[in-house]
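Listed below, chain by chain, are the residues.
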Amino acid sequence: MKKYYFIVLTILLGIHVQSFGQVVEHFNEYDYSEEITINGAQGMEEIYIPVKENIDILNSYINLEFICSNVLDFDKSHMSVLIADTPIETRFLKNQDQIISFKIPVKKKYIVSDFIKITLQTNLRIGSEICEADSKSGFWIKLTENSFFSYNLLPSEEKIVKKTISYTIPDIKYIVLSDNSEIKDIEYASYIKFYLKRVYGLDTKIKNIKDYKNSVIEDAIIIMPYDKLSERITTKTPTIEKENVGLVSVFNDQYKDSTSLKTYNGQNIVVTGKSETGFSKAAHYLLQKHLINSSYVDYVFVHEEAKLLDIPQRKDYEPIYFKELGAQNNILQGLGYLQSNVALPRSKFGSNVKKMDVNIEGKYRPLSDNEQGYFNLYFNDIFLTSYKLDNTGDLNISFSFDDIIMQQNNNFKYEFYFVPEGGMCDTAGATFYGQIDAVNSYFKPVGYDVSSSLSFFRFPENFQSKPLTIYTDLDPEQKLISSISELIDIINPGETGLSGFIYPKIKNATLKEIEADLETSKIIISKESEKFSTFFAESAYIKFKNNVVEYDSEEIKPFFNVEYEKELGYNQLFYHNSSPVMLVNVPQEYNANTLLSLISNIREQTIADTGNVIIADNNNAYFFDLRIINDNHDKNYLNSLLDGFWGKYRIFIVSILLILGILVLIFIFQKSKESKAKIQDEK
């Protein structure tokens, strides 16, 4: 999906066109939802469509298709479409199978600063006796996925409008590497692919420089050391004078077709350096949005290397303020339910937090005697508590909630509910307003679950006690990049980027180096299935030997062993020397889909359906659990329970055992006397 930033991109957009035909672009290509919903009796939505310079006005139009709530009064409800803030058409919602369509021809006056601004306004009715508050869910109209911008382009001179680094990045479609990549190339490409997708919404494809032997390089980031750059590139980029300086430069490529004699142009970014240090500085530069967006130049020499995180900045038991979670000091105003949300990514708190203190400060309009107001709180759509508002106008709330189940991404919703003196349907009633203080309101973890068991549901938090390293003995091929980029994305759930994304080091896996590494949590990606069997010994749940794979559970060793299909891949979690390990084994002739499946299916785990093993082939993946089934009762957890029970009741237990021992001795002594007397009587 191509993401447009209409604040940044202006008339400097230079598009090279090789063919001219009718183009259809749906609104989700402009980073809007596939189906845009407008809620409320009176709602509004604005859509910005970027327009190319050489658009054919006479053969371009906007198609809008809506469906709406079936309970609306279609004869009294209407909607308006404005283009460039000018009313174009207003229409009653006649009931035509709930579908309303507009086809609007494009005019030159609609295009302002290379954008068309569409404003949609609704005025909906259900019935004269029903106001919006009485039918909160009934007032809606939805723009369907069949809405699009259709345009044609006029032939134009083939030229490139000169653009800077900041203007080139949003157009990037490809990452290009050299023919003989090394592990550092894979590392930087994986970092940049992840970053461009997460921050700019760019789903880049990986290509080899050989692919462009007979074509123009266009919309690409070229990542390779300076000595691997061809003369085709170095002659059009600045020369690096200093050894340890990185270079990030715009590169305008040109290719002339020998048959058609047609010249093609393309604009790209080159990331390079003469030394490993310089190369690293340049690559890390592209992981800093504030640097990219302020690069209004054709090239930069990078003298300092940006520091990358390898472990989260989260500190257990310390408060995390609403502001740190992206909350704003927005004023909510109106009648009825006034809601706002705060995103709580699990990575900020830890997967095993079980109890949370919440402190909320804020202001609201003091209530009059006959007005009613409440402040309601929800966690993942589960109601937590409610407070009655009064005439003070001050919000100062502290409370705790426990039995928390943290998903990867969680939602904390706060809600003002206001009823004016004349009731909810009194449109002339006074308007309410309220505001949360995002700077001083906070969440504070105060209790964590005691558990050492590893599961994919709790990944990546269960790997974050130490810095994270990815080891691999796979050849540094380009098919590695998508899988490692996906893994980095999973390691950075939610809004981790507020404090900096986590970038694990990626290294070639030598067994000696892994054995010596006691300082990091390890993810190992290997095609040598038997390579680590001896080293990990009893730690691993799955072991390989010749054509046999052995499965161990925490309760039964071995659980079973079978001859296995060589095309299967395995991903398993376990502890070794007190460090968490993820061991991913792929087939010798592995398919990129197999590796990607072993990693991407980590996302499929839920707290109710998780495990510590994933098995996959080129088409399917399955996960299962070789731990003790109840994650809350793993061995360490049971030991802690027994230790606590013994510490609390040991005197009582010893006393009971002592009394029982005495009673047993008395019983034995009594039986002995009876037996002795019986023997004497028989004599």
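Residues numbered from 1 in each chain as written. Predicted model: local features only at pLDDT ≥ 70, side-chain atom pairs only at ≥ 80, totals over all residues. Heavy atoms only, no water.

S.K.: I tried to follow the environment of Asn 585 on my own but got confused; where do I start?
M.R.: Within the secondary structure, Asn 585 is located in strand β35 (residues 579-585). Put simply, Asn 585 and Asn 571 are 14 residues apart on the chain and 6.4 Å apart in space, counted from C-alpha to C-alpha. Contact partners of Asn 585, with chain neighbours within four places excluded, come to Ser 526, Glu 528, Ser 529, Phe 544, Gly 569, Tyr 570 and Leu 598. (Helix = DSSP H or I, 4+ residues; strand = E, 2+ residues; numbered from the N terminus. Contact = heavy atoms within 4.5 Å.)

S.K.: Explain the packing of aromatic side chains here, please?
M.R.: Each aromatic ring pair is summarised here by two numbers: the centre-to-centre distance and the angle between the ring planes. Under the criterion given, the structure shown has 26 aromatic pairs. Ring centres of Phe 412 and Phe 443 lie 4.9 Å apart, and the angle between their planes is 80°; this geometry places the pair in the edge-to-face category. With a gap of 31 residues between them, Phe 412 in strand β25 (residues 409-419) and Phe 443 in strand β27 (residues 442-448) connect regions that are remote in the sequence. We note that Phe 412, like Phe 443, is buried. If you follow Lys 103 out to its NZ or CZ, it ends over the ring of Tyr 61, 4.4 Å from the centre. A cation sits over an aromatic face here: Lys 413 above Tyr 378, 4.8 Å from the ring centre. (Phe/Tyr/Trp six-rings, centres within 6.5 Å; stacked < 30°, edge-to-face > 60°. Buried < 20%, exposed > 50% of the residue type's maximum accessible area, 1.4 Å probe, protein only. Lys NZ or Arg CZ within 6 Å of the ring centre and 35° of its normal.)

S.K.: Can you help me understand the sheet that holds strand β30 (residues 521-526) in this one?
M.R.: Pairing between the strands of a sheet is mediated by backbone hydrogen bonds and can be parallel or antiparallel. Spatially, 7 strands are ordered β29-β28-β30-β35-β34-β36-β37 in an open sheet, and the strand pairing comes out mixed. Of all the strands in the sheet, just β29 (505-508) and β37 (621-624) have a single pairing partner and so form its edges. Looking at each pair of strands side by side, their axes are set apart by 20° on average, direction ignored. Pairing between strand β34 (residues 569-576) and strand β36 (residues 613-616): 4 bridges, direction antiparallel. By the bridge assignment for β36, Asn 571 is matched with Ile 614. (Pairing = 2+ DSSP bridges. Axes fitted to C-alpha atoms, helices over the stretch in contact; angles between N-to-C directions.)

S.K.: Where do I start with the pairing of strand β16 (residues 263-273) in this structure?
M.R.: For a regular strand, side-chain orientation follows a simple rule: the groups alternate between the two sheet faces. Of all 11 residues making up β16, 10 are buried, and the element is well covered by its neighbours. Note that strand β15 (residues 246-256) and β16 share 11 bridges and pair antiparallel. Considered in β16, the bridge of Asp 253 is made with Gly 266. What sits between β15 and β16 in their antiparallel hairpin is a turn of 6 residues, with Leu 261 showing a positive phi close to 60°.

S.K.: Which parts of the structure should I look at to understand the packing of helix α2 (residues 183-200) against helix α4 (residues 276-285)?
M.R.: The axes of two packed helices give the description: the angle between them and the distance between them. Axis separation between α2 and α4 bottoms out at 10 Å; the angle between their running directions is 10°. Between α2 and α4, the crossing angle belongs to the class labelled roughly parallel. Counting all contacts with α2, which are made through Lys 184, Asp 185, Tyr 188 and Ile 192, the residues of α4 involved are Glu 276, Phe 279, Ser 280, Ala 283 and His 284. Broken down by class, the residue content of the contact of α2 with α4 amounts to 4 nonpolar, 2 polar and 3 charged. (Parallel < 35°, antiparallel > 145°, perpendicular 65-115°, else oblique. Nonpolar A, V, L, I, M, F, W, Y, C, P; charged D, E, K, R; others polar.)

S.K.: Before we go on, may I ask you to explain the pattern of salt bridges in this structure?
M.R.: Counted by the stated rule, this structure contains 21 salt bridges. As a salt-bridge pair, Lys 52 and Glu 25 come within 3.7 Å of each other at their nearest N and O atoms. Highlighted residues: Lys 52 in the loop between β3 (42-50) and β4 (55-68) and Glu 25 in strand β1 (residues 23-26), separated in sequence by 27 residues. Here Glu 25 falls in the buried class, since its relative accessible area comes to 9%. One salt bridge connects Arg 91 with Glu 89, and the closest N-O pair in it is separated by 2.6 Å. Looking at Glu 89, the relative accessible area reads 31%, which means it is partly exposed. Look at the salt bridges and you will find they share partners, linking Arg 198, Glu 486, Asp 489 and Arg 603 into a network. (Salt bridge = Lys/Arg side-chain N within 4 Å of Asp/Glu carboxyl O.)

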